[in-house]
Amino acid sequence: MTTPLDSAGPAATYLFRRTDPLRALVLDLDALADLRFDGYRVVFNAAFAALGLPVQWSVERYRQLLALPEERLRVAAELRKRCIGTDCDVLVRVLVEQVCDTKEALLQRVMLDAGLSPRPGLNDLVTDAFVAQVPIAVITDGRRRWAQPLVSQLVGAGLVEAVVTADDIGGPPRGDALFRQALAELGVAPHDALAIVGSATGLRGADAAGLATVLIDGDGDGDADTADAARCAAAAVRRDYSGTDGGLRLAQCRRLHSQWWAEHSVPAA
């Protein structure tokens, strides 16, 4: 079944003749906290400062730059906007690499010291799942050296069954690879799990892995096409885990998972 979010061919299709109970949750790291603005933006600002560059990204500026698909393009756009090194394209490319290399060197320390807060209501869901013995995996395309302690910082130690990182894939993870690895580590099939993601990129990966998925869109700042596509592909789109509806607790996850599979299953013959 192809969704509006697919741009590289049909999504993986998992059609079953019954709905299945929810046996696991797979969350990406963006679903735990706002890494874009409170994490990566802060790390880049630290890299600019370390290199003596007169650049500090505000939330609004970083939001604009997120329209570009890759961090090197964002850095290059900023340098050109400020006429830094623009007298020589080679110099711009060198500066871009220096900024990105410095960002990687600072990532662990700055990310863990940034005081990131879990998204509202997240800890209630994590506690629900732990008490009900529904295992949770957290995935990220970052490195384990900083991702593992950050997960513990955000949700507490011992509450997450597995943390799957780029180190577990053996190369730059793309698409559904992290989700599939998480399912393998939890020992469940796609139709047994619900994914919760914090970006349209995460939604595409989860959809390609055949998962029913909830999108946590904290700022609601995606463009109209992305928002419409998300509504079609996701089991639900929420601002966070809290809310007057009782929030995204385990019981709500079960309902969304069941409803999504009821709509995407082959009718009984």
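Fair warning: this is a prediction, and the values are worked out from it, not measured in the lab. (Residues numbered from 1 in each chain as written. Predicted model: local features only at pLDDT ≥ 70, side-chain atom pairs only at ≥ 80, totals over all residues. Heavy atoms only, no water.)

This paragraph deals with the overall build of the chain. Scanning the chain for helices and strands turns up 11 helices and 6 strands. Counting every position in the chain, which comprises 269 residues, the buried fraction comes to 48%. Surface accessibility of the chain: about 12600 Å² in total, with carbon and sulfur atoms responsible for 51%. (Helix = DSSP H or I, 4+ residues; strand = E, 2+ residues; numbered from the N terminus. Buried < 20%, exposed > 50% of the residue type's maximum accessible area, 1.4 Å probe, protein only. Areas by Shrake-Rupley, 256 points an atom, 1.4 Å probe, with all protein chains shown as cover.)

Per the counting criterion, the structure on display carries 14 salt bridges. Residues Asp192 and Arg23 are paired through a salt bridge, measuring 3.3 Å at the closest nitrogen-oxygen approach. Of this pair, Asp192 sits in the loop between α8 (177-186) and β4 (193-197) while Arg23 sits in the segment before β1 (24-28); the two residues are 169 residues apart in sequence, bridging distant segments of the chain. Overall, the relative accessible area of 43% leaves Arg23 in the partly exposed class. Across the pair Asp128 and Arg249 runs a salt bridge, and its minimum N-O distance is 2.7 Å. (Salt bridge = Lys/Arg side-chain N within 4 Å of Asp/Glu carboxyl O.)

What follows is about a nonpolar patch on the surface. On the surface, a nonpolar cluster with roughly 220 Å² of combined accessible area is contributed by Val90, Leu91 and Val94. Among the secondary structure elements, Val90 is positioned in helix α5 (residues 89-113). (Patch = residues over 30% accessible without salt bridge, like charges linked within 9 Å, V, L, I, M, F, W, Y side chains within 5 Å.)

Here we take up the environment of Val138. Here Val138 lies in strand β2 (residues 136-139). Owing to a relative accessible area of 2%, Val138 belongs among the buried residues under this scheme. In contact with Val138, not counting residues within four places along its chain, are Leu27, Asp28, Leu29, Leu32, Val151, Val160, Ala162, Val163 and Val164. (Contact = heavy atoms within 4.5 Å.)

Where helix α2 (residues 35-50) contacts α5, the two axes come as close as 8 Å, and the packing angle between them is 120°. With respect to α5, the axis of α2 lies oblique. Judged by the twist between their axes, the crossing of α2 over α5 is right-handed. Across the interface between the two elements, Leu35, Gly39, Tyr40, Val42, Val43, Phe44, Ala46, Ala47, Phe48 and Ala50 from α2 touch Val99, Thr102, Lys103, Leu106, Leu107, Val110 and Met111 from α5. In terms of residue class, the contact of α2 with α5 is built from 14 nonpolar, 2 polar and 1 charged. (Axes fitted to C-alpha atoms, helices over the stretch in contact; angles between N-to-C directions. Parallel < 35°, antiparallel > 145°, perpendicular 65-115°, else oblique. Left-handed = near helix turned anticlockwise from the far one by under 90°. Nonpolar A, V, L, I, M, F, W, Y, C, P; charged D, E, K, R; others polar.)

One key point about sheets: their strands pair by backbone hydrogen bonds, in either a parallel or an antiparallel sense. Strand order in the open sheet formed by 6 strands is β3-β2-β1-β4-β5-β6, and the pairing between neighbours is parallel. Two strands bound the open sheet, and with one partner strand each, they are β3 (162-164) and β6 (236-238). Along the sheet, successive strands turn relative to each other by an average axial angle of 20°, direction set aside. Pairing analysis gives 4 bridges linking β1 to β4, with the strands arranged parallel. Looking across to β4, one finds that Leu27 is bridged to Ile196. On the sheet, helix α9 (residues 200-208) packs against β1, β4 and β5 (212-216) and is oriented at approximately 175° with respect to β5. (Pairing = 2+ DSSP bridges.)

Function cannot be read off these values alone, since they describe shape.
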